[in-house]
Amino acid sequence: MHIKRLDHVGIRVMDFDRSTHFYQQLGFEVVREHLEEHVVVIKHPSGIELNLLNSGNDDLDGKNILMDVDPQYPGYTHFALQVASVIEAKRFLESLNITITEGPVRSGDNKTSIFVRDPDRNVIEFTELPQA
């Protein structure tokens, strides 16, 4: 098998309108709506595609079971978007009143990252690679 690239990421959401608006602020555009299937497909000009799945369960008082609830359950915890500059990304996100929940932090491989949460508390990492 020859895997060419990641095709898309599916994100379970509570409210299509609220989540679509959030991701549109980051430059994503709606490319398909399959409301009968509970899916809105959004795509960024960089080629990144997200499928918003309107099937979240609100029984957790606004918590994200993969990130906020003990015990820690297995599953995807976040996705990372590479940016040219974490400082510019931080300024942009703050101009939209999106709270930086962590960072900037530098990892062992010298990547610098900041983290935010979408309206359903899904974690998004914005990471700047070290200069070559």
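Whatever comes next refers back to the structure up there.
Fair warning: this is a prediction, and the values are worked out from it, not measured in the lab.

Chemist: Where do I start with unusual backbone geometry in this structure?
Modeler: Excluding glycine, a negative phi dihedral is what most residues carry, and trans is how most peptide bonds are arranged. Look at the link from Gly103 to Pro104: it is a cis peptide, with omega at 10°. Along the chain, Pro104 turns up in strand E6 (residues 102–106). Phi angles above zero are rare outside glycine, and Asn110 is one such case at about 65°. As for its placement among the helices and strands, Asn110 is situated in the loop between E6 and strand E7 (112–117). Note on Asn110: relative accessible area 41%, which makes it partly exposed.

Chemist: What's the story with the nonpolar core in this structure? I'm lost.
Modeler: Nonpolar side chains tend toward joint burial in soluble globular proteins. Ranked by internal contacts, the top residues of the largest apolar core, which has 23 residues, are Tyr23, Leu26, Leu52, Leu93, Ile124 and Phe126. Where this core is concerned, the elements lending two or more residues are strand E1 (9–13), helix H1 (16–25), strand E3 (39–43), strand E4 (49–54), strand E5 (78–82), helix H2 (86–95), E7 and strand E8 (123–128). Those residues in contact with Leu26, other than ones at most four positions away along the chain, are His44, Phe92, Leu93, Ile98 and Phe126.

Chemist: Teacher, can you tell me more about the pattern of salt bridges here?
Modeler: A pair can form between side chains of opposite charge whenever their charged atoms are brought close. Tallied over the entire structure, the rule returns 3 salt bridges. In this structure, Glu94 and Lys90 form a salt bridge, with 2.9 Å as the shortest nitrogen-oxygen distance. Linking Glu94 with Lys90, this pair stays in helix H2, spanning 4 residues, or about one helical turn. Here Glu94 falls in the partly exposed class, since its relative accessible area comes to 38%. Residues Asp109 and Lys111 are paired through a salt bridge, measuring 4.0 Å at the closest nitrogen-oxygen approach. Asp109 sits in the partly exposed class, given a relative accessible area of 45%. Classification of Lys111 by relative accessible area gives partly exposed; the value is 30%.

Chemist: For this particular structure, what's the right way to read H2?
Modeler: For H2, the full list of buried residues reads Val86, Ala89 and Leu93. For H2, the arc enclosing every buried residue in end-on projection is 60°, short of the 170-degree limit, so these residues lie on one face. H2 presents Glu88, Arg91 and Ser95 as exposed residues on the side facing more than 90 degrees away from its buried surface. Here the buried face of H2 lies against E6, E7 and E8. Regarding H2, its N-cap is Ser85, as a side-chain oxygen of that residue lies 3.4 Å from the backbone nitrogen of Ile87 further along. Of the residues trailing H2, Asn97 is marked for its positive phi of about 60°.

Conventions used here
Residues numbered from 1 in each chain as written. Predicted model: local features only at pLDDT ≥ 70, side-chain atom pairs only at ≥ 80, totals over all residues. Heavy atoms only, no water. Helix = DSSP H or I, 4+ residues; strand = E, 2+ residues; numbered from the N terminus. Buried < 20%, exposed > 50% of the residue type's maximum accessible area, 1.4 Å probe, protein only. Core = buried A, V, L, I, M, F, W, Y, C linked by side-chain atoms within 4.5 Å. Contact = heavy atoms within 4.5 Å. Salt bridge = Lys/Arg side-chain N within 4 Å of Asp/Glu carboxyl O. Arc of directions from axis to C-beta. Polar contact = N/O pair within 3.5 Å; in protein donor to acceptor, adjacent residues only side chain to side chain.

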